[in-house]
Amino acid sequence: QVQLVESGGGLVQAGGSLRLSCAASGIIFRINAMGWYRQAPGKQRELVAAITSGGSTNYADSLKGRCTISRDNAKNMVYLQMNSLKPEDTGVYYCNAFISTMEIPVGINYWGKGTLVTVSL
């Protein structure tokens, strides 16, 4: 069974940095796109950043220039380095990956349970 497990969230002061990590585990045939989403209190989940298997990246305008997404294909991991954090960056950050397995070779989206990021003034 495929699982995505996030880590690295926590409380940080405005202007600080955090590095989120997400590990995919299970019997995985191929991981295609991976990404990070966030959900602020009372708001819908939104894309933060995404990265293809080839390394092409895409960022939300609100975080462009302040975060970097990367991945380690050998370790089935994706990372999100966030700098110059603002209180409005507070939310639960979810890892997402489109993964192919032997059972589902066409691939489906998997989600982690999320890690809370709180940015204080």
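Residues numbered from 1 in each chain as written. Predicted model: local features only at pLDDT ≥ 70, side-chain atom pairs only at ≥ 80, totals over all residues. Heavy atoms only, no water.

## Quick word on the sheet that holds strand β3 (residues 18-25)
Turning to step 1, where the next piece is worked out: Read across the sheet, four strands follow the order β1-β3-β8-β7 without closing on themselves; strand pairing throughout is antiparallel. Each edge of the open sheet is held by one strand with a lone partner, namely β1 (3-7) and β7 (67-72). For this sheet, the mean inter-axis angle between neighbouring strands, taken without regard to orientation, is 15°.
Turning to step 2, where the next piece is worked out: Relative to strand β8 (residues 77-82), β3 runs antiparallel, the two sharing six bridges. When the sheet's bridge partners are listed, Ser21 is paired in β8 with Tyr79. (Pairing = 2+ DSSP bridges. Helix = DSSP H or I, 4+ residues; strand = E, 2+ residues; numbered from the N terminus. Axes fitted to C-alpha atoms, helices over the stretch in contact; angles between N-to-C directions.)

## Considerations on the state of the cysteines
Turning to step 1, where the next piece is worked out: Counting across every chain of the model gives one disulfide.
Turning to step 2, where the next piece is worked out: With no disulfide partner, Cys67 has as its closest neighbouring cysteine sulfur the one in Cys95, 14 Å distant. (Disulfide = S-S within 2.5 Å.)

## With respect to the nonpolar core
Turning to step 1, where the next piece is worked out: Counting residues in each nonpolar core, the largest one holds 28 residues, and the members touching the most others are Trp36, Leu80 and Met82.
Turning to step 2, where the next piece is worked out: Elements that contribute at least two residues to this core include exactly β3, β4 (30-39), β5 (46-51), β7, β8, β9 (91-100) and β11 (115-120). (Core = buried A, V, L, I, M, F, W, Y, C linked by side-chain atoms within 4.5 Å. Buried < 20%, exposed > 50% of the residue type's maximum accessible area, 1.4 Å probe, protein only.)

## Thoughts on the side chain of Thr101
Turning to step 1, where the next piece is worked out: Mapping Thr101 onto the fold places it in the loop between β9 and β10 (108-111).
Turning to step 2, where the next piece is worked out: Overall, the relative accessible area of 4% leaves Thr101 in the buried class.
Turning to step 3, where the next piece is worked out: Separated by 3.0 Å, the side chain of Thr101 and the backbone nitrogen of Ile104 make a polar contact.
Turning to step 4, where the next piece is worked out: When neighbours within four sequence positions are excluded, Thr101 is seen to be in contact with Val2, Ile27, Phe29 and Tyr110. (Polar contact = N/O pair within 3.5 Å; in protein donor to acceptor, adjacent residues only side chain to side chain. Contact = heavy atoms within 4.5 Å.)

## Remarks on a nonpolar patch on the surface
Turning to step 1, where the next piece is worked out: A surface patch of nonpolar side chains, about 400 Å² in accessible area, is lined by Ile27, Phe29 and Met102.
Turning to step 2, where the next piece is worked out: As for its placement among the helices and strands, Met102 is situated in the loop between β9 and β10.
Turning to step 3, where the next piece is worked out: Overall, the relative accessible area of 61% leaves Met102 in the exposed class. (Patch = residues over 30% accessible without salt bridge, like charges linked within 9 Å, V, L, I, M, F, W, Y side chains within 5 Å. Areas by Shrake-Rupley, 256 points an atom, 1.4 Å probe, with all protein chains shown as cover. Salt bridge = Lys/Arg side-chain N within 4 Å of Asp/Glu carboxyl O.)

## Some remarks on the pattern of salt bridges
Turning to step 1, where the next piece is worked out: This model, assessed by the stated rule, comprises four salt bridges.
Turning to step 2, where the next piece is worked out: Salt-bridge contacts for Lys64 lead to Asp61; the nearest nitrogen and oxygen are separated by 3.3 Å.
Turning to step 3, where the next piece is worked out: Overall, the relative accessible area of 67% leaves Asp61 in the exposed class.
Turning to step 4, where the next piece is worked out: Where Asp89 meets Arg66, a salt bridge forms, and the shortest distance between an N and an O atom there is 2.8 Å. Taken together, the positions of Asp89 in the loop between β8 and β9 and Arg66 in the loop between β6 (57-59) and β7 put the pair 23 residues apart, joining distant regions of the chain.
Turning to step 5, where the next piece is worked out: Its relative accessible area of 11% is what places Arg66 among the buried residues.
Turning to step 6, where the next piece is worked out: Sharing partners across several salt bridges, the network here consists of Arg38, Glu46, Arg66 and Asp89.

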